[in-house]
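# Breakdown of the fold
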Amino acid sequence: MKAYRPAKLLEDCELLENRTLAPRLNLLRLRSHMIAPLVQPGQFVHVRIPLAGELPLRRPFSVYDVGTGGTELFLVYQVVGTGTQHIQALKPPITLNLLGPCGRGWQLPPAVASEHSKGATGRGRVLLVGGGIGTAALSMLARQLLAGFTVDFVIGTARAELMIYKADLAPWNGVDGALTLHICTDDGSLGRLGLTTDLAAELLRENPYVWMASCGPRPMLAALAKLARTYGLKHQVSMEERMACGLGTCLGCSLPTRDGQRQVCVDGPVFDAEELLWT
Amino acid sequence: MSPQADVRAPSHAEIAECTEAVCHDRQRAPSHVEMAVEIAGIKMANPVTVASGTFASGREMAKLWQECARAQPNLVSISRFPALNCLGALTTKAITLKPWAGNPAPRLAETASGLLNSIGLENPGVEVFCERDLPWLARQNLPLIVNVGGHSLEEYAQVIEHLERASADIMDGQEGPDVAVPAAYELNISCPNVDAGGMAFGVDALLAAELTRRCRRLTRRPLIVKLSPNVTDITTIAQAVQEAGADALSLVNTLTGMAIDAIRRRPLLGRGFGGLSGSAIKPVALYLVHQCYRAVDIPIIGMGGIATGIDAVEFLLAGACAVAVGSASFSDPLASVRVIQGLEDYCVQHGIAAVRELTGSLQSH
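Everything quoted here is computed from the prediction, not taken from an experiment.

## Considering a nonpolar patch on the surface
All names here are of chain B. A cluster of nonpolar side chains, contributed by Met258, Ile260 and Phe273, occupies part of the molecular surface with about 310 Å² of accessible area. Mapped onto the secondary structure, phenylalanine 273 falls in the loop between strand E13 (266–267) and strand E14 (274–277). The exposure class assigned to phenylalanine 273 is partly exposed, which follows from its relative accessible area of 32%.

## Observations concerning the packing of helix H7 (residues 282–295) of chain B against helix H8 (residues 309–318) of chain B
All names here are of chain B. Closest axis-to-axis distance for the H7/H8 pair is 8 Å, and the angle between their directions is 25 degrees. For the element pair H7 / H8, the angle class is roughly parallel. Packed against H7, whose contacting residues are Lys282, Ala285, Leu286, Val289, His290 and Tyr293, the element H8 presents Asp311, Glu314, Phe315 and Ala318 at the interface. A class-by-class count of the residues in the contact of H7 with H8 yields six nonpolar, one polar and three charged.

## What to know about empty space enclosed by the protein
Residues and elements named next belong to chain B. By the definition in use, this model includes one cavity of 30 Å³ or more. If you add up the space inside the largest cavity, you get close to 30 Å³. Around the largest cavity, the lining residues are Thr49, Val50, Ala51, Ser52, Thr91, Glu186, Lys226, Ser250, Ile301, Met303 and Ala324. Counting only elements with at least two residues in the lining of the largest cavity, the list comes to strand E3 (48–50) and strand E15 (300–303). Split into classes, the residues belonging to the lining of the largest cavity amount to five nonpolar, four polar and two charged.

## Regarding the sheet that holds strand E7 (residues 144–148) of chain B
All names here are of chain B. Pairing in this open sheet of eight strands is parallel, and the strands run E3-E16-E15-E10-E9-E8-E7-E4 from one edge to the other. Each edge of the open sheet carries a strand with a single partner, namely E3 and strand E4 (90–91). Bridge analysis of E4 against E7 gives two bridges, and the strand direction is parallel. If you follow leucine 90 over to E7, its bridge partner there is leucine 144. Against the sheet, H7 makes contact with strand E10 (248–251) and E15, and its axis sits at roughly 165 degrees relative to E15, the strand it touches most.

## Focus: the nonpolar core
Grouped together as the largest cluster of nonpolar side chains are 166 residues, with contacts concentrated most on Leu87, Leu163 and Leu249 of chain B. If near-sequence neighbours (up to four positions away) are discounted, leucine 87 of chain B is found in contact with Asn46, Val48, Val50, Phe55, Trp65, Leu142, Ser336 and Ile340 of chain B. Counting residues in hydrophobic clusters, the runner-up holds 33 residues, among them Phe74, Ala136, Leu146 and Cys215 of chain A.

## Considerations on the packing of aromatic side chains
Residues and elements named next belong to chain A. Across all of its chains, the model carries four aromatic pairs over all chains by this definition. With centroids separated by 5.1 Å and ring planes inclined at 20 degrees, the aromatic side chains of phenylalanine 61 and tyrosine 77 adopt a geometry described as stacked. With a gap of 16 residues between them, phenylalanine 61 in strand E4 (residues 59–67) and tyrosine 77 in strand E5 (residues 72–78) connect regions that are remote in the sequence. The burial state of phenylalanine 61 is the same as that of tyrosine 77; both residues are buried.

## So, the side chain of threonine 92 of chain B
Along the chain, threonine 92 of chain B falls in the loop between E4 and strand E5 (108–111). When near neighbours in sequence (up to four residues on either side) are disregarded, threonine 92 of chain B contacts Ser52, Gly53, Ala56, Ser57, Phe129, Leu137, Leu144, Ile145, Val146 and Asn147 of chain B.

## Observations regarding the pattern of salt bridges
For the coordinates displayed, the defined rule picks out 26 salt bridges over all chains. Arginine 262 of chain A is the partner of aspartate 259 of chain A in a salt bridge, and the nearest nitrogen-oxygen pair spans 2.8 Å. Taking relative accessible area as the criterion, arginine 262 of chain A reaches 25% and is therefore assigned partly exposed. Between aspartate 133 of chain B and arginine 132 of chain B there is a salt bridge, with its nearest N and O atoms 3.4 Å apart. Judged by relative accessible area, which is 5%, aspartate 133 of chain B ranks as buried. One network of salt bridges, in which partners are shared, links Glu14, Glu17, Arg19, Arg29, Arg31 and Glu72 of chain A.

## Re the interface of chain A and chain B
In this complex, chain A contributes 43 residues to the contact, which on the side of chain B involves 45 residues. Interface of chain A and chain B: buried area, both sides summed, is about 3600 Å²; carbon and sulfur atoms make up 61% of it. Viewed at the interface, chain B and chain A are joined by one salt bridge. The shortest N-O distance in the salt bridge between arginine 59 of chain A and glutamate 110 of chain B comes to 2.5 Å. Counting the contacts that link chain A with chain B gives 13 residue pairs in polar contact (both at pLDDT 80 or more). Counting only elements with at least two residues in the side of chain A that touches chain B, the list comes to strand E1 (9–22), helix H1 (82–88), strand E6 (95–102) and strand E14 (260–263) of chain A. When residues of the side of chain A that touches chain B are assigned to their parent elements, the largest contribution, four residues, is made by E1 of chain A.

## A closer look at helix H6 (residues 234–243) of chain B
Residue and element names in this part refer to chain B. Looking only at H6, the buried set comprises Ile234, Thr235, Ile237, Ala238, Ala240 and Val241. In this structure, the buried side of H6 is in contact with helix H5 (205–216), strand E9 (223–226), E10 and H7. The positive-phi residue at the C-terminal boundary of H6 is glycine 245, with phi of around 110 degrees.

## Here we look at the sheet that holds E5 of chain B
Residues and elements named next belong to chain B. If you walk across this open sheet you meet the four strands as E5-E6-E14-E11, and the pairing is antiparallel. Of all the strands in the sheet, just E5 and strand E11 (255–257) have a single pairing partner and so form its edges. Here the strands of the sheet are splayed against their neighbours by 35 degrees on average, with no regard to which way each runs. Bridging between E11 and E14 involves three bridges; their strand directions are antiparallel. Within E14, the position partnered with glycine 257 by the bridge is glycine 274.

Definitions and limits used
- Within each chain, residue numbers correspond to sequence positions counted from 1 in written order.
- For this description, chains carry letters from A and ligands carry numbers from 1, given in the order in which they are written.
- In keeping with the model being predicted, local features are shown solely for residues with a pLDDT of at least 70 and side-chain atom pairs are shown and tallied solely at 80 or more, while totals for entire chains, interfaces and linings include all residues.
- Only hydrogens and water are set aside; all other atoms, that is, all heavy atoms of the structure, feed into the side-chain values.
- Patch construction takes residues with relative accessible area above 30% that form no salt bridge. Like charges are linked within 9 Å, and nonpolar side chains (Val, Leu, Ile, Met, Phe, Trp, Tyr) are linked within 5 Å.
- We get accessible surface area from the Shrake-Rupley algorithm with a probe of 1.4 Å; when it comes to residues, only the shown protein chains can shield them.
- By definition here, a salt bridge exists when the distance from a side-chain nitrogen of Lys or Arg to a carboxyl oxygen of Asp or Glu is within 4 Å.
- Think of it this way: any DSSP run of H or I at least four residues long counts as a helix, any run of E at least two long counts as a strand, and we number them from the N terminus.
- Exposure is judged per residue with a 1.4 Å probe applied to protein chains only, and the accessible area is read against the type maximum: over 50% gives exposed, under 20% gives buried, and values in between give partly exposed.
- Each axis is a line fitted through C-alpha atoms, taken for helices only over the stretch in contact, and angles between the N-to-C directions span 0 to 180 degrees.
- Just so you know how the angles are binned, under 35 degrees is roughly parallel, over 145 roughly antiparallel, 65 to 115 roughly perpendicular, and the rest oblique.
- Residue contacts are defined here by distance: any two heavy atoms, one from each residue, within 4.5 Å place the two residues in contact.
- In the scheme used here, Gly and all other residues not listed as nonpolar or charged are polar, with Ala, Val, Leu, Ile, Met, Phe, Trp, Tyr, Cys and Pro taken as nonpolar and Asp, Glu, Lys and Arg as charged.
- Buriedness of a pocket was judged along seven lines, with at least five required to meet protein on both sides within 12 Å; pockets are open sets of points on a 1 Å grid over the protein atoms alone, cavities are sets where a 1.4 Å probe fits but cannot get out, and lining residues have an atom within 4 Å of a point.
- Grid points are joined across faces, edges and corners, and a volume is the space filled by probe spheres set on the points.
- By the convention used here, strands pair only if DSSP detects at least 2 bridges between them.
- Residues belong to one nonpolar core when they are buried, are Ala, Val, Leu, Ile, Met, Phe, Trp, Tyr or Cys, and are joined through side-chain atoms within 4.5 Å.
- Here the aromatic set is Phe, Tyr and Trp, taking the six-membered ring for Trp, and pairing holds for ring centres within 6.5 Å; pairs whose planes are under 30 degrees apart are stacked, those over 60 apart are edge-to-face, and all others are tilted.
- Buried area: the accessible surface (1.4 Å probe) lost by two parts on joining, summed over both.
- Pairing of N or O atoms within 3.5 Å defines a polar contact, subject to two protein rules: one partner must be a possible hydrogen donor and the other a possible acceptor, and residues neighboring in sequence count only if both atoms are side-chain atoms.

Written out as structure tokens, the structure reads:
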């Protein structure tokens, strides 16, 4: 009999660590026996802020990683307003109520790549592009893809000090040519000076890819969608929208698509770029 | 006050209280409190329903509750209430004649203890609702209240006509759902998020009465009219729809409001303004329920910021016969279940034999 796998659950998760990684960028580490083992790359958890009476909306955070035998969740979040300021001030011992795993994650490309797009190692080549905090949604995916693909991972941040992702991915960088990091910053303080979209355009010119995934600011995603279209490349994007329920009931996070309105919280956050209306 | 001063970690007592609420003893002894109420002929197992638009058609919540119950037999409450029919009634999101796409993003903004929304009644239209949701809802064995919206008198009427036909088909084709489907209609004449219709009907006593009369002729089911708080005197509208044949009132819909991003100098909502809900509006809602309770004879379903059993008690004391849990379900998908339990606990603690005794039993100073 097939094991019963729930789609999503509510769980009170013990806060293990809440650490500042860079200005306004924090990492939450939570013990989660029920939600963590269910998480697929690209999914998110909906975090209830203690004192929900005053701050009634949950905050959606994408899962950066699942650790320690699948019982710990790592969430990277940006401190942008009152809610995330409040979360930033939380310290153990405390539990946070999580709803998750929410939404549909990345739909991985077919394992067998076409001949013309195989990389140096004879495996299909994929392109990941992360802008700022959006990179967090791609991190688990990058490591999962390593099993069958050659991965080019473009990561852009505003400044060097915000490039928190590089160190975590460093152990895989360059090993057997499986993962190559392409770093850029807006001010040139680390890696290339410039935008992720410039780097992605160059890579697309130089290499044949079988698949592309991106997460970041909407103008970046729109530009990448246009690029991918010119190469006829299958492209998935992870979208962000204000949401209340995370369940598909409130319709706060509706996005217009070619197929009518879709909800970021249940139909996404990952969409085929071609499904979305970018205007 | 420094910016950090209001960012306070919860105390251990608060954490303990929260955990206790979640891990409520599933072996609760059955109480002898009579929780059932009857509103305009709708027989509810308890006085708690959900506010339109916060629960969709119930499928998502029902699935989550079931999955939580299976995965965590010790969590809750849900093992005692495994299904949707732990609710006194289910109230759907507004259904309109044609599919509505709703308003541009962002549609949500959090305000102090409140939620501002400008969803705009996005829904797939009555045809899809009848095909996809109604047969499923008919099997859930609880009273169903279908919320009806529209741009014009004619649209409201056509939605009801469509639902009447669909209901007849379901009742014919199925071996008897225990409860008539739908059990009642709730006329949404109070949504601030649509341009034509919606709240326009709810802020004018003559129009509200005309719409009520028109719909009254189309159905024998109870008609609940959901009123807007955005009026000078809600009692004149309440009296007008009562005279026009309304069987009950839902009070209140959201308060029109606005939130502004001072840095970007723009409204936070794509539409510019929206409807405020959540505990921020509870005092306003309580007052309006109390006003209407004294002005009309038909029963009132109270709503606006209900998140706990005590909140529900307050609405009953103010004059409501039943209550609806709204945006609290977004923060806690089990909020409605907890309200039912909290209400029952209150009755036990205060020696109330039947919950209906609470209605209007507010004492004066």
